[in-house]
Amino acid sequence: MDTTDIAASGRSFSKGLGFRKSLMTLAASVMLATSAQAATPSTAEVNTTGLAVTDDTVTVGILHSITGTMAISEIGSVQAEKLAIDQINASGGVLGRQIDFVQEDGASDWPTFAEKSRKLLRQDNVAAIFGAWTSASRKAVLPVMEQYNGMLYYPTFYEGLEQSPNVVYTGQEATQQILASLNWAAETKGAKSFYLLGSDYIWPRTSNKIARKHIEDKLGLKVSGEEYYPLGHTQFNSVINKIKLKKPDVIFASVVGGSNVAFYKQMKAAGIDFTDEKPLLLTISVTEDEIRGIGGENVDGIYASMKYFQSLENANNKEFVAAFKEAYGDDMVIGDVTQAAYLGPWLWKAAVEKAGSFDIDKIREEFAGIEFKKAPEGYVRIHENHHLWSKTRIGQAQTDGQYKVVFETEELMEPDPFPEGYQ
Amino acid sequence: MFDGYTSSELMSIFAMQGFAGLSLFSVFVLMALGLTIIFGQMGVINMAHGEFMILGAYTTYLTSGFFQSYLPGLFGGYFFVAMILAFLVCAALGALVEWLMIRHLYHRPLDTLLATWGLSLIMQQAYRSIFGAREVGVELPEWMLGAFQVTDLVELPINGLFVMIIALSIAVGLYLLMYRSGYGKKVRAVVQNRPMAEAVGINSAGIDRATFALGCGIAGVAGAAFTMIGSTGPSSGQAYIVDTFLVVVFGGAQSLIGTIVSAFGISQAQSTMEFFLSGSMAKVLTLLFVIGILMLRPEGLMALKVRR
Amino acid sequence: MKTSSPMKWFVSREGLYYLGLAALLVVILPLILDPFRLNMVGKYLTYAFVAIGLVMCWGKAGILSLGQGVFFGLGGYCMAMFLKLEASTPEATAIQSTPGIPDFMDWNQLTELPWFWEPFHSFSFTLLAVIGVPVLLAFVIGLAMFTRRVGGVYFAIITQAIAAVLTILIIGQQGFTGGVNGITDLQTLKGWDIRTDEARNILYFVCVGMLFLVLFVARFVQNSKLGRILVAMNAQETRVRFSGYDVAAFKIFVFCLAAAFAGVGGAMFTLIVGFMSPSFIGIVGSIEMVIFCALGGRLSILGAVYGALLVNAAKSGFSESFPELWPFAMGALFIGVVLAFPNGMAGLYQTYVMPLEDKIFKRKKVEAVAAAEPEATKPVAKKTDDYDPMIDSYSPEKS
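All values derive from a computational prediction rather than experimental measurement.

Asker: An account of the sheet that holds strand β6 (residues 193–199) of chain A is needed here, citing residue identities and associated values.
Answerer: All names here are of chain A. Taking strand neighbours across the sheet as the criterion, the seven strands line up as β7-β6-β8-β9-β10-β14-β15 in an open arrangement whose pairing is mixed. Each having just a single partner strand, β7 (222–229) and β15 (403–408) make up the two edges of the open sheet. Each neighbouring strand pair of the sheet contributes to a mean axis angle of 25°, computed without reference to strand direction. For strand β8 (residues 250–254) and strand β9 (residues 280–283), the ladder comprises four bridges, and the chain directions are parallel.

Here is the structure:
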C-alpha cells in the first residue's frame with residue numbers, strides 16, 4: 001500500500017469507516033510482524049488478574065499533561081498514542097478486542113500524576129498505561145506502577161539510571177543519545193572543546209555528566225564550561241558572552257521548554273550564525289515540535305542528536321507521517337518523542353499477542369526480543385532491560401523547521417541505562 | 001577565568017556583558033512599567049499581568065500572520081502595527097476587566113490579587129484552547145535579525161537595541177503623561193487623596209479605568225517586544241511575574257523613577273553575577289539580595305514619605 | 001466562649017458543627033468511599049492544615065502569605081528525608097556505587113550523606129523538625145518583616161519571592177534534595193509499609209485526628225484574648241499599638257502558628273501520598289492554598305476544611321471528566337468567591353442556613369442563639385470582615 005492511498009482514505013478519518021477499511025489492508029501487513037491470532041480467545045483465558053478486559057474490548061490508560069506548562073510538549077505524545085490505538089483498532093484490535101482508552105490529565109504536576117496513575121490502575125484496572133513525559137512525572141508514577149503491578153510505556157528520551165520491571169522505555173536513554181553524537185562531533189567535525197549548557201534539573205545534569213566523562217576520558221578532549229539555568233529562564237545574554245569568551249568548538253545544549261525559544265533567539269540576535277559551525281551547536285533537546293515555537297530561521301544550522309526525525313526517508317515513516325497529518329492537520333510536526341509515543345501501543349500489542357494474554361506478568365516475560373518492524377524510525381527491538389535498541393541519528397535543522405539527516409549509526413545502539421565508567 | 005586573553009578581547013567581552021545587563025534592564029523596565037502604574041497608582045495587584053503581556057505577544061503573532069498572507073510587501077514594518085494593536089487589544093480588555101471586576105475590589109487590595117490570579121488561569125486556558133498548547137513562533141522581519149558589528153568582537157543585537165528603544169520611549173512617554181499632562185495630574189491627585197480629588201470634580205472612577213487600561217496596554221506592548229527575545233505560549237507569562245513584582249516593590253511602588261532605578265539595580269546585579277557564577281545561583285543570590293534590601297527598606301528604594 | 005463543661009459544649013451549636021465534621025470524616029466518608037478515594041480525601045485534608053493556618057494568619061490577623069507552600073513543603077521534606085533514609089538501606093541500594101545513601105544522591109556523585117541529612121535517621125528528631133523547621137523559618141521571616149512593619153501587599157510579594165528562591169534552590173541542589181523529581185519511592189515508616197490499603201486507611205484516620213487537634217488549637221487561640229487582639233490588629237493596627245501591645249510579636253506568633261500547621265500538613269501529605277515534590281513550594285501551589293481558605297470562608301477554621309475538601313474534589317472531578325475545562329472552572333471560582341462571596345461558604349452558611357437553624361434551635365439552645373442572633377440578622381453587605389459564624393464573636397458586650 002502506498003502513501004497516496006493512506007492519504008486519500010485518511011480524509012474520512014473522523015467518520016471512521018473508510019479509513020478503517022483501508023487501514024485493515026495496511027494492518028494485514030503489520031500483522032505479519034507479529035503472530036496473527038486466528039480466533040478470539042476467551043476472556044477468562046487472557047485475563048486472570050482482573051484487568052478491564054471484556055469479550056470484545058480492552059481498556060488502556062493515557063496519562064499526560066494536557067494543562068499546565070508541560071502541555072506544550074506532551075500534546076504530541078497524546079496524539080501519537082491515540083493514532084496508534086485507532087490504527088490498531090482498525091486492524092482488528094488486540095487479541096480480537098477493540099482498545100478503549102481512559103485519558104487522564106497529569107496537569108504538569110507530579111503528585112497529580114501519581115494520583116491519576118493510581119486511579120487508572122485501581123479504579124479503571126487498565127491493561128497498560130501510555131504516559132508520563134518528564135523524568136519527575138515518571139519517578140512519581142513509578143512506585144505506583146510497581147505496587148499495583150501496572151505497565152507504563154514511557155516515550156521520552158531520558159537520563160537512564162533506571163530499569164523498572166513495570167516500565168517500558170520507548171525513548172532513548174542518555175548513552176544512546178549522547179555517545180555516538182559526541183564521537184561524530186570529534187571525528188567528522190574535528191571538535192576539540194565542548195561547552196555544556198542545560199536547564200537545571202536531572203536530565204540535563206545527568207546527560208552532561210555522561211557527556212563530560214565521555215569527552216574527557218574516552219575522547220581525551222576538553223570541556224570548557226558547564227552551566228545550568230533555572231527552568232523557564234529567559235535571559236541568556238550572559239552565557240552567550242561566556243561562550244564567546246571561551247570559544248568552544250561545540251555547544252552541547254540541553255535547554256528545555258520556553259527557555260529554548262529565548263536561548264536560540266538571543267543566540268541568533270547576538271550574531272551567531274549556526275550554519276558557520278563556529279561554534280557548532282549540538283542539542284539533545286530540540287525536536288521538530290520545539291522548532292515550531294523557536295522559529296526555523298533561529299535554529300538554521302544547529303545539529304540535533306535523536307533517534308527519529310520527521311524527514312526520515314523510509315516507507316514506514318512516510319505512512320506514519322501521512323496518517324498523523326490526516327488525523328491532526330497538515331501543519332502538524334512530529335518530533336522524536338511523538339514517534340516514541342506512537343511505538344508504545346504497538347509494542348504492547350505485540351507483547352500481548354506473543355504472550356497470548358493481557359496479564360502483566362506474562363507480558364513481561366515476553367518483552368525481550370519483541371520487534372516492531374513497522375516503526376517509523378525503521379526497526380526497533382526491546383532489550384531485556386526494557387529499553388529499545390535504536391539507532392542514533394544526527395540531523396541538521398533547516399529554515400523550514402525540519403531536520404536533514406546527516407549521520408546515522410550503522411548498527412542499533414544497545415541501551416545501557418547503567419553505563420559502566422560513566423557513573 | 002581570564003587567563004590567556006588579550007586585554008582588547010577582555011574589553012570587548014566586558015562591553016558586551018554591559019550591553020547584556022542593559023538589555024536585561026530594558027526587559028525589566030518593560031515588564032514593570034505597566035504594573036507600576038496599576039499597582040503603584042491604584043494599589044491593585046494584577047497577577048494576570050503576565051497573561052496580558054502574552055496577549056500582546058499573540059496579537060503580534062496574528063498580525064505577523066496577517067501581513068505574511070495579505071500584505072507581504074509591508075512585512076518589514078508589521079511590527080509597528082503589531083505594537084499598536086497589542087496596546088489597543090490589551091487596553092480594551094483591561095478596561096473591560098476593570099469594569100467587571102476590579103472596580104468592586106478597590107478597598108480590598110489583597111482580594112484583587114486572588115481575583116486576578118483567577119483571571120490569569122482563565123486567560124491561560126483560553127490561549128491554550130484558541131492557539132493550542134504549543135508555543136507559537138513569531139517570525140521577525142529580516143532587518144530585525146542579526147547584529148551590529150561594532151568591532152571584531154563586539155556585536156550588538158539589533159532586536160536587543162530595539163527592545164531598549166521601546167522601553168525608553170515608553171518610560172519617557174509615561175513620565176510625560178504622568179507629570180506633564182492634565183490626565184497625570186488627576187491620576188496623582190486620586191492617588192494622594194481620593195475623596196478630595198472627587199470633591200474638586202475629578203471623575204475618579206473614570207481615572208481608575210483609564211489607568212488600568214493604560215497599564216494593561218503597556219503590558220501588551222511589552223509582550224509584543226518580547227516576541228523578539230522570548231517564547232510565546234499559553235503559560236509563558238508566568239515566567240515573568242515574580243521578577244516583575246520584585247522590581248516594582250523594590251523600586252517603591254508609587255514611583256516611576258524608583259521602578260527604573262530598581263530595574264537597573266536588579267538587572268546589573270543579576271547579569272554581573274551570571275557572568276561569574278552559574279545561572280541558577282545568580283538568580284537565587286539576586287532574589288535574596290532584593291529580599292534583604294526590602295527588609296531594610298520595606299517601602300522600597302524611593303517611596304513617598306508617609307507617616308507610619 | 002464560656003465552656004463551663006465539655007458536655008455542654010458538645011451540644012452547643014459550635015460543638016455540633018465540630019461533631020458534624022467529625023461524623024463526615026470519620027464515619028460517612030470511610031463508609032461510602034473505596035480505599036483509593038478515601039486516600040485522596042486524606043490528601044485533600046492535608047491541604048486543610050494549611051488553610052486553617054491561613055484563616056488564623058490572613059482571615060484573623062490580616063497577614064496574607066503567598067508562601068505557605070514553603071512551610072508545607074518543608075514539613076513534607078523533613079518527613080520525606082526520614083522515610084527516604086529508612087528506604088535506603090545498604091541492602092536495598094546495593095547496586096549503587098555508594099550503597100546506603102538515597103538513590104538520587106548516588107546519581108549525583110555524592111559519596112556520603114550530607115551533614116544535614118544525618119539527624120533525620122532519628123524519628124523523634126524528624127517529628128520535631130516537621131514543626132520546628134517551618135516555625136524557625138517563619139520566625140526569621142516574621143522577625144525581619146513585622147518588626148520593620150512590612151505588611152499587606154508587600155509582605156505577600158516578599159513571601160512569594162521567598163517561595164521562588166526556595167524552589168530554585170531545591171531544584172538546583174538536586175544532589176541534596178532530589179531536585180525537581182522530589183523525594184520519591186518512600187516505602188516504610190519504622191518498618192511499617194505505608195503503601196498498603198490498610199496502612200493508607202490508618203493514615204487517613206491519623207490525619208483526621210491531627211486535623212482535629214489543629215482545629216482545637218486554632219479554636220483555642222482564636223477564642224483567647226490573643227485571638228481578639230489579632231482581629232483588632234487587622235482592623236485598627238495603630239490603635240492596638242497605642243494601647244501598648246507589641247503588634248509585631250503577635251504577628252510573628254500567628255505566622256509561626258500557621259507555619260507549624262502547614263508543616264504538620266506537609267508531613268501528613270508525605271505519608272499519605274508516598275512522596276514529596278517541590279511543586280508545592282512554588283507560587284502556584286501556595287496561591288492555590290489561599291483559595292482553599294477563601295472559598296471556605298477566610299474567617300472560619302471549619303470553613304477552611306470544607307474549602308480544601310471541596311476545591312480539590314471539584315478539581316479531581318473536573319479534571320477526570322473535562323480536563324480542558326478545569327482551569328476555567330478554577331479561575332471562575334477564584335473570581336466568583338472574591339467578588340460575590342468574600343466570606344466564602346461560611347459566610348453563605350451564616351446568611352442563609354443559620355436563620356433557619358435559629359428557628360429550629362430557638363427554644364432549645366437559648367444561650368447559643370442569644371450569642372449568634374445579633375450577627376445572623378445583620379445584613380451581610382455591611383462590613384462583614386470581623387465576625388465568624390463558627391465562634392461567638394468578640395462583640396464588645398462580651399469582652
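Asker: Which residues make up the interface of chain C and chain A, and what are the values?
Answerer: Contacts between the two partners involve 25 residues from chain C, matched on the other side by 29 residues from chain A. Those elements that provide at least two residues to the side of chain C that touches chain A are α3 (35–60), α7 (152–172) and α14 (301–321) of chain C. Among the elements that line the side of chain C that touches chain A, the one with the most residues is α7(C), at three residues. Counted by class, the side of chain C that touches chain A contains 10 nonpolar, 11 polar and four charged residues.

Asker: Quick rundown of the interface of chain B and chain A? Include the residues and the values.
Answerer: On the side of chain A, 36 residues touch chain B, which itself brings 38 residues to the contact. Among the secondary structure elements, those contributing two or more residues to the side of chain B that touches chain A are α1 (7–42), α4 (109–131), β2 (155–157), α5 (158–180), α10 (256–276) and α11 (279–296) of chain B. Counting residues per element, the side of chain B that touches chain A draws most heavily on α1(B), at seven residues. Residues belonging to the side of chain B that touches chain A are distributed by class as follows: 15 nonpolar, 16 polar and seven charged.

Asker: Any details on the sheet that holds strand β4 (residues 152–154) of chain A? Residues and values, ideally.
Answerer: Residue and element names in this part refer to chain A. Here five strands make up an open sheet; going across it, the order is β2-β1-β3-β4-β5 and the pairing parallel. Two strands in the sheet have a free side with no partner beyond their single neighbour: β2 (98–105) and β5 (167–169). With strand direction ignored, the average angle separating the axes of adjacent strands in the sheet is 25°. Two strands pair when backbone bridges link them, and strand β1 (residues 57–64) and strand β3 (residues 129–131) are joined in this way by three bridges, in the parallel orientation. Bridge assignment links G61 to a residue of β3, and that residue is I129.

Asker: Account for the pairing of β6(A), naming residues and giving values.
Answerer: Note on strand geometry: in a regular strand, side chains alternate between the two faces of the sheet. Residues and elements named next belong to chain A. By the criterion of burial, β6 is predominantly enclosed, with six of the seven residues buried. As paired elements, β6 and β7 share seven bridges and run parallel to each other. Looking at β7, one finds that L197 is bridged to E227. The parallel pair β6 and β7 is bridged by helix α8 (residues 202–218), and the resulting crossover is right-handed. Relative to β8, β6 is paired through five bridges, and the arrangement is parallel. For F194, the partnering residue across the bridge sits in β8 and is V250.

Asker: Go over helix α12 (residues 247–273) of chain C, please, and point to the residues and values.
Answerer: Residues spaced three or four apart along an α-helix point in a common direction, a consequence of the helix completing one turn every 3.6 residues. Taking 1.5 Å of rise per residue, the 27 residues of α12(C) would be expected to cover 39 Å, and the 39 Å separating its terminal C-alpha atoms lies within 8% of that figure. Burial within α12(C) is extensive, with 24 of its 27 residues counted as buried.

Asker: Run through the domain arrangement of chain A, naming residues and quoting values.
Answerer: Residue and element names in this part refer to chain A. Per the domain assignment, the segments making up chain A are domain 1 (3–172 + 312–389) and domain 2 (174–306 + 394–408). Each of domain 1 and domain 2 has a C-alpha centre, and the two are 30 Å apart. Listed as interface residues are 17 residues of domain 1 and, on the opposing side, 16 residues of domain 2. At the level of elements, α4 (71–90) and α14 (336–355) are the ones that each hand at least two residues to the side of domain 1 that touches domain 2.

Asker: Help me get a handle on the packing of helix α10 (residues 225–235) of chain C against α12(C), residues and values and all.
Answerer: Geometrically, a packed helix pair is captured by the angle between its two axes and the distance between the axes. Residue and element names in this part refer to chain C. Running from amino to carboxyl end, α10 crosses α12 at an angle of 115°, the nearest separation of the two axes being 11 Å. Taken together, α10 and α12 sit at an angle that is classed as roughly perpendicular. Relative to α12, the crossing made by α10 is left-handed. For the pair formed by α10 and α12, the contact residues are I229, L230 and M233 on the first element and V247, F250 and V254 on the second.

Rules used throughout
- Residues numbered from 1 in each chain as written.
- Chains lettered and ligands numbered in written order.
- Predicted model: local features only at pLDDT ≥ 70, side-chain atom pairs only at ≥ 80, totals over all residues.
- Pairing = 2+ DSSP bridges.
- Helix = DSSP H or I, 4+ residues; strand = E, 2+ residues; numbered from the N terminus.
- Axes fitted to C-alpha atoms, helices over the stretch in contact; angles between N-to-C directions.
- Contact = placed C-beta atoms within 7 Å.
- Nonpolar A, V, L, I, M, F, W, Y, C, P; charged D, E, K, R; others polar.
- Buried ≥ 20, exposed ≤ 12 C-beta atoms within 10 Å, placed from the backbone.
- Right-handed = clockwise from strand over helix to strand, strands pointing away.
- Expected span 1.5 Å × (residues − 1).
- Domains from an automatic or database assignment.
- Parallel < 35°, antiparallel > 145°, perpendicular 65-115°, else oblique.
- Left-handed = near helix turned anticlockwise from the far one by under 90°.

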